[in-house]
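Spelled out, the chains give:
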Amino acid sequence: MKKVKIITDCIMIILLPLLMSYALIGEALHEWLGIAMFLVFIIHHILNRKWLKSIFKSKYTPYRTYTNIINTLLCVIMIALPVSGILMSKHAVPFLSISGGVSFARTVHMTTSYWGFVLMSLHLGNHANMMMNGMRKMFKIKNESTARKLTLRIIAAAISAYGIYAFVKRRIASYLFMQSMFAFFDLSENKLFFFADYAAMIVMFAAAGHYICKLLKNSKQAAENE
């Protein structure tokens, strides 16, 4: 079951930058990949249904509050994205498209897609330890290695630093806060550079999510020890 969860998460990570490259991959492929992402998202929640059962149970700590807010917002966005996408569909499900409201649907779809990108990356970071443990078991890595851990942290820090640069260069904030209603794509740009930028931003937000969780867990432990 853990292997299935890891594979599902990896598929979502791969689909994420592909979906953000809307103009570079074409409308038709974007729509089909969007459907694939929604289906994988449903599978992800079926595999992690314990979260849904426990959402109203037990005491809420700062860490649990933070992760549940991220998860809940992500669920809302992952519903808004396919609904707004259906309203604009020209290829995958044109028979479900509805005349009228396309302009509003485009605004919702664009804004939620960028917020979904950020929240999904944070969500990935929230579960970084679990994923790393799963990867160790999958590749049968039993021994702890300080050198390996330090190397991975240096690599993550370097990629995150570039991710900050990519975030500014790609003007992501203007899309998140609806300052720009049309995403800019340089069609002459090598697609590898585009995907590298978005992969770096995923690592950046995932690292931020990981250390936010770590900070909240440490603050809880400090409060319990007082």
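Student: Looking at this structure, I do not really get the nonpolar core. What am I missing?
Tutor: Soluble globular proteins: nonpolar side chains tend toward being buried together. Counting residues in each nonpolar core, the largest one holds 44 residues, and the members touching the most others are Met-37, Tyr-114, Phe-117, Ile-172 and Tyr-198. Mapped by element, the contributors of at least two residues to this core are helix 1 (2-20), helix 2 (22-25), helix 3 (27-47), helix 5 (62-88), helix 6 (102-126), helix 8 (146-169), helix 9 (172-176) and helix 10 (191-225). Looking at which element gives the most residues to this core, the answer is helix 10, with nine residues. When sequence neighbours within four positions are dropped, the list of residues in contact with Met-37 reads Met-12, Leu-15, Leu-16, Leu-19, Met-78 and Met-120.

Student: Looking at this structure, how should I read a nonpolar patch on the surface?
Tutor: A cluster of nonpolar residues, Met-132, Leu-152, Ile-155 and Ile-159, forms a patch on the protein surface that exposes about 320 Å² of accessible area. A total of three residues in the nonpolar patch trace back to one element, the largest contributor, which is helix 8. Along the chain, Ile-155 falls in helix 8.

Student: Any chance you could explain helix 3 here in plain terms?
Tutor: Residues lying three or four places apart along an α-helix face the same way, a consequence of the helix completing one turn every 3.6 residues. The terminal C-alpha atoms of helix 3, which comprises 21 residues, lie 30 Å apart, in line with the 30 Å expected from a rise of 1.5 Å per residue. Residues of helix 3 that are buried: His-30, Glu-31, Leu-33, Met-37, Val-40, Phe-41, His-44, His-45 and Leu-47.

Student: Just checking my understanding: could you explain the pattern of salt bridges for this structure?
Tutor: Once their charged atoms are close, side chains differing in charge can pair, the charge on each being opposite to the other. Counted by the stated rule, this structure contains four salt bridges. A salt bridge links Lys-169 to Asp-197, with the shortest nitrogen-to-oxygen separation between them at 2.7 Å. Here Asp-197 lies in helix 10 and Lys-169 lies in helix 8, a separation of 28 residues in the sequence. With a relative accessible area of 38%, Lys-169 lands in the partly exposed category. A relative accessible area of 1% means that Asp-197 is categorised as buried. Between Arg-170 and Glu-189 there is a salt bridge; the shortest N-O distance is 2.6 Å. Linking Arg-170 in the loop between helix 8 and helix 9 with Glu-189 in the loop between helix 9 and helix 10, this pair joins segments that are 19 residues apart in sequence.

Student: How should I be thinking about unusual backbone geometry in this particular structure?
Tutor: Excluding glycine, most residues fall at negative phi; most peptide bonds, likewise, are trans. You will see that Arg-171, though not glycine, has its phi angle at about 55°, which is positive. Looking at the element boundaries, Arg-171 is found in the loop between helix 8 and helix 9. You can call Arg-171 partly exposed: its relative accessible area is 43%.

Procedures and definitions
- Residues numbered from 1 in each chain as written.
- Predicted model: local features only at pLDDT ≥ 70, side-chain atom pairs only at ≥ 80, totals over all residues.
- Heavy atoms only, no water.
- Core = buried A, V, L, I, M, F, W, Y, C linked by side-chain atoms within 4.5 Å.
- Buried < 20%, exposed > 50% of the residue type's maximum accessible area, 1.4 Å probe, protein only.
- Helix = DSSP H or I, 4+ residues; strand = E, 2+ residues; numbered from the N terminus.
- Contact = heavy atoms within 4.5 Å.
- Patch = residues over 30% accessible without salt bridge, like charges linked within 9 Å, V, L, I, M, F, W, Y side chains within 5 Å.
- Areas by Shrake-Rupley, 256 points an atom, 1.4 Å probe, with all protein chains shown as cover.
- Salt bridge = Lys/Arg side-chain N within 4 Å of Asp/Glu carboxyl O.
- Expected span 1.5 Å × (residues − 1).

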